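Spelled out, the chains give:
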Amino acid sequence: MFEDEDIEGEVTRGARALVICPDIRGQRRSEDPENRLEEARGLALAIGIVVADAFVLPIRNVRPGTLFGEGQIDRIATSCTLEEAELVIIDASISAIQQRNLEERLKRKVIDRTGLILEIFGERAATAEGRLQVELAHLDYQASRLVRSWTHLERQRGGFGFLGGPGETQIEADRRMIRSRMGRLRRDLEQVRKTRELHRKRRGRAPWPVIALVGYTNAGKSTLFNRLTGSDVMAEDLLFATLDPTMRAIRLPGVEKSILSDTVGFISDLPTQLVAAFRATLEEVTAADVILHVRDMANPANATQKQQVIGVLTDLGVIDGEDGQSDMPIIEVWNKFDLIDADRRAELLGLAEHSDDVVAISAESGFGVDDLLDKLGEMLTEGARVHHLTLPASDGQRIAWLHAHGEVIGDEDAGEGEVGPLRRIDVRLTEKELGRFEALET
Ligand SMILES: Nc1nc2c(ncn2[C@@H]2O[C@H](COP(=O)(O)OP(=O)(O)OP(=O)(O)O)[C@@H](O)[C@H]2O)c(=O)[nH]1
Ligand SMILES: [Mg+2]
């Protein structure tokens, strides 16, 4: 039926798969296994896999070789036959040995959660940087598999015993190749990172505040981004629809122009390889003036998802791990309000109204979006006070900047200075805007 070659190679679109969520006893999973199963199903769909069946398997004792017990493996095998599944997805991190043993027993390709997420990211990466990051993560994953699946590969390649066989030589060669490729990728990424930092510095000096959208995958970040900017970035009912950061200008009450930035969504148990690889992208968030944390309030797992997002923000240093405080303002955007039933909606609206940093919206219908814009405008102009500035009348650009960004209260001639006529401008600005003004080129 299935030859060995069939279980090697890439995950293919349209493949029929079984999705299995091991519920390991004693392993503190914050989430209900049924929710996890739903999410795993979503991950499979995100890459065009047909989910033939999906179920939770409770595990009392982890078998080091196969994870599942004998009876469970039989059950999986039967389901595979009944459902004509050619692929088995295990929603957990499994070792290379477990993967190989399961593949041998089931005569089907088996991938784990990390493998699946890497496949999705591989398919989505569109920019040069995104591709470098995903490839690096992938190689890192492969390298760890090579080391750990040593015995299996050695056997497969027909080595002559334990040491010095051709199998081992091959693995050594593969490993060397992977390492040298990873070294190259790291250098390339370092270059990209430097360029990005330069851009950020330049932007830092640029006069516009930055608002970053963050949130669990599928929360509705891109839908909100599109609504606020009138653009058309990919927003779909797909996990990880967005991978590369996108920025557009928006207008807010009292703020002539600011930049809205959309980026990759978060997920629980994001493979460590990916977190490391995407650090540079996520670092954009740390340079923002305001963070919008978009939440899918219609998702039953939304409280756990919030904790996951806070965890990533803490890793990035946006939120202090000790006191849970953040350096920059974070607005919680309670999204998908149109999907919530009337009673719950009333209850949540009550809560949102009593909180300074929560806005309830529907990015889809537009409900609450004006309130969100008002709040953002308020936040960016908060703490503004009047500054009395004197500058050369010939400095048209900076004077125009003040008129565009601040509320100019007075503007009059202020006599002659060394460089010619002067103007005195009384303008209401926030500290941040004043900093930006001072950083403008004269
Ligand atoms: N009913 C309803 N659906 C929404 C709302 N906001 C977003 N959606 C839907 O939710 C799905 C995910 O939206 P996206 O905007 O792609 O989510 P995202 O946060 O950008 O997701 P990733 O890029 O995958 O991290 C899409 O099918 C949207 O149409 C909303 O307010 N109401
Ligand atoms: Mg998106």
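Refer to the preceding data block for the structure.
Keep in mind that this is a model prediction, so the values were computed, not measured. (Residues numbered from 1 in each chain as written. Chains lettered and ligands numbered in written order. Predicted model: local features only at pLDDT ≥ 70, side-chain atom pairs only at ≥ 80, totals over all residues. Heavy atoms only, no water.)

Chemist: It is not clear to me how the overall build of the protein should be interpreted in this structure. Could you clarify?
Modeler: What the protein contains, in helices and strands, is 15 helices and 13 strands. Burial status across the protein gives 50% buried among its 442 residues. A separation of at least 24 residues holds for 69% of the contacts in the protein among residues at least 6 apart in sequence. (Helix = DSSP H or I, 4+ residues; strand = E, 2+ residues; numbered from the N terminus. Buried < 20%, exposed > 50% of the residue type's maximum accessible area, 1.4 Å probe, protein only. Contact = heavy atoms within 4.5 Å.)

Chemist: Where do I start with the packing of aromatic side chains in this structure?
Modeler: By convention here, two paired aromatic rings are described through the distance between centres and the angle between planes. Under the definition given, this model contains two aromatic pairs. Measuring from centroid to centroid gives 6.0 Å for F337 and F367, while their planes differ by 15°, and the two rings are stacked. Residue F337 is found in the loop between β9 (330-335) and α12 (342-353), and its partner F367 is found in the loop between β10 (358-360) and α13 (369-381); the two are separated by 30 residues along the sequence. Taking the relative accessible area as the measure of exposure, F367 reaches 38% and is therefore partly exposed. Lying across the ring of F55, R75 places its NZ or CZ 4.1 Å from the centre. (Phe/Tyr/Trp six-rings, centres within 6.5 Å; stacked < 30°, edge-to-face > 60°. Lys NZ or Arg CZ within 6 Å of the ring centre and 35° of its normal.)

Chemist: Please clarify how the sheet that holds strand β12 (residues 407-417) should be interpreted in this entry.
Modeler: One key point about sheets: their strands pair by backbone hydrogen bonds, in either a parallel or an antiparallel sense. Judged by pairing direction, the sheet is antiparallel, and its three strands sit side by side in the order β11-β13-β12 without closing on themselves. Of all strands in the sheet, those with a lone pairing partner are β11 (385-392) and β12, marking the two edges. Ignoring strand direction, the axes of neighbouring strands in this sheet form an average angle of 20°. When β12 meets strand β13 (residues 420-429), the two strands line up antiparallel, connected through eight bridges. When the bridges of β13 are listed, D413 appears paired with R423. (Pairing = 2+ DSSP bridges. Axes fitted to C-alpha atoms, helices over the stretch in contact; angles between N-to-C directions.)

Chemist: Before we go on, may I ask you to explain the layout of surface pockets in this structure?
Modeler: The probe, sized like a water molecule, is rolled over the atoms to show the empty space still left. Of the voids in this model, the largest pocket is the one considered here, and its volume is about 830 Å³. Taken together, 40 residues make up the lining of the largest pocket; nearest its centre are N218, A219, D237, D296 and K336. Among the elements of the structure, α1 (33-45) and α8 (221-229) are those that each provide at least two residues to the lining of the largest pocket. If one sorts the elements of the lining of the largest pocket by residue count, α1 sits on top with six residues. Residues belonging to the lining of the largest pocket are distributed by class as follows: 14 nonpolar, 14 polar and twelve charged. (1 Å grid on protein atoms, 1.4 Å probe; cavity = no way out; pocket = protein on both sides within 12 Å on 5 of 7 lines; lining within 4 Å. Points joined across faces, edges and corners; volume = space filled by probe spheres on them. Nonpolar A, V, L, I, M, F, W, Y, C, P; charged D, E, K, R; others polar.)

Chemist: I'm lost on helix α15 (residues 431-439) in this one. Help?
Modeler: An α-helical segment advances 3.6 residues per turn. Residues three or four places apart therefore align on the same side. Along α15, the residues classified as buried are E433, L434, R436 and F437. Projection of α15 onto a plane perpendicular to its axis shows the buried side chains occupying an angular sector of 160°, all on one side. (Arc of directions from axis to C-beta.)

Chemist: Is there a simple way to explain the sheet that holds strand β3 (residues 87-90) in this structure?
Modeler: Spatially, β2-β1-β3-β4 is the arrangement adopted by the four strands of the open sheet, whose pairing is parallel. Both edges of this open sheet fall to β2 (50-59) and β4 (109-112), since each of them pairs with a single strand only. For this sheet, the mean inter-axis angle between neighbouring strands, taken without regard to orientation, is 20°. Bridge analysis of strand β1 (residues 16-24) against β2 gives nine bridges, and the strand direction is parallel. Bridge assignment links P22 to a residue of β2, and that residue is L57. Running over the sheet, α1 touches β1, β2 and β3 and is turned about 150° from β2. The strands that helix α2 (residues 70-83) touches are β1, β2 and β3; relative to β2, the one it contacts most, it runs at about 170°.

Chemist: How do you make sense of the site of ligand 1 when you look at a structure like this?
Modeler: What surrounds ligand 1 is a group of 23 residues, the closest being K221, S222, T223, A241 and D338. The contact in question runs from an oxygen atom of ligand 1 to an N or O atom on the side chain of T217, over 2.9 Å. For ligand 1, the protein covers 91% of the area, taking 660 Å² as the surface of the free molecule. At a threshold of 2 Å from the grid points, most atoms of ligand 1 map onto the largest pocket. (Near = heavy atom within 4 Å. Polar contact = N/O pair within 3.5 Å; in protein donor to acceptor, adjacent residues only side chain to side chain. Areas by Shrake-Rupley, 256 points an atom, 1.4 Å probe, with all protein chains shown as cover. Sits in = over half its atoms within 2 Å of the grid points.)

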